[in-house]
Amino acid sequence: MKSRTIGGIAIENIPPRVKILPSPEKAIDMSTEEGRQRVLDAIRRTISTHRVAIRALAKR
């Protein structure tokens, strides 16, 4: 039987979640349009990833 996947990655190959701590190197200047766009893109990617995971969990 074929293993199940989430977003094209096999479930058994997904590592456990690790909290990423904020660091000064990751600081974003929100006063610029580019900075705001980077934050919005990151938020959209996170929400999209969570939706994929929630759908996979709902199928279990």
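Just so you know, these numbers come straight off a predicted model, no measurement behind them.

Peer 1: Would you mind going over the overall build of the protein with me for this structure?
Peer 2: A tally of helices and strands in the protein yields one helix and two strands. In the protein, the order of α-helices and β-strands from amino to carboxyl end is β-β-α. On the principal axes, the C-alpha backbone points of the protein span a range of 50 × 20 × 15 Å. Put simply, the protein shows about 5800 Å² of open surface, and 60% of that area lies on carbon and sulfur atoms.

Peer 1: Teacher, can you tell me more about the pattern of salt bridges here?
Peer 2: Pairing is possible between side chains that carry opposite charge, provided their charged atoms lie close to one another. For the structure on display, the rule yields two salt bridges. The shortest N-O distance in the salt bridge between arginine 36 and glutamate 33 comes to 3.2 Å. Pair noted here: arginine 36 and glutamate 33 are both in helix α1 (residues 33-59), with a separation of three residues, about one helical turn. Where aspartate 41 meets arginine 44, a salt bridge forms, and the shortest distance between an N and an O atom there is 3.4 Å. With aspartate 41 and arginine 44 both in helix α1, this residue pair falls three residues apart, about one helical turn. Among the residues examined, aspartate 41 registers a relative accessible area of 31% and is labelled partly exposed.

Peer 1: Would you mind going over the environment of alanine 56 with me for this structure?
Peer 2: Mapped onto the elements, alanine 56 comes out in helix α1. Assessed through its relative accessible area of 13%, alanine 56 is described here as buried. Beyond its immediate chain neighbours, meaning those up to four positions away, alanine 56 contacts Arg4 and Ile6.

Peer 1: Is there a simple way to think about the layout of surface pockets in this case?
Peer 2: Any empty space left between atoms is shown by rolling a water-sized probe over those atoms. For the largest pocket, the calculated volume is near 900 Å³. Considering the residues around the largest pocket, the lining is formed by 22 residues, among which Arg17, Thr46, Thr49, His50 and Ala53 are closest to the centre. Sorting elements by how many residues they give to the lining of the largest pocket places α1 first, with nine residues. When the residues that make up the lining of the largest pocket are grouped by side-chain class, the tally is 14 nonpolar, four polar and four charged.

What counts and how
Residues numbered from 1 in each chain as written. Predicted model: local features only at pLDDT ≥ 70, side-chain atom pairs only at ≥ 80, totals over all residues. Heavy atoms only, no water. Helix = DSSP H or I, 4+ residues; strand = E, 2+ residues; numbered from the N terminus. Areas by Shrake-Rupley, 256 points an atom, 1.4 Å probe, with all protein chains shown as cover. Salt bridge = Lys/Arg side-chain N within 4 Å of Asp/Glu carboxyl O. Buried < 20%, exposed > 50% of the residue type's maximum accessible area, 1.4 Å probe, protein only. Contact = heavy atoms within 4.5 Å. 1 Å grid on protein atoms, 1.4 Å probe; cavity = no way out; pocket = protein on both sides within 12 Å on 5 of 7 lines; lining within 4 Å. Points joined across faces, edges and corners; volume = space filled by probe spheres on them. Nonpolar A, V, L, I, M, F, W, Y, C, P; charged D, E, K, R; others polar.

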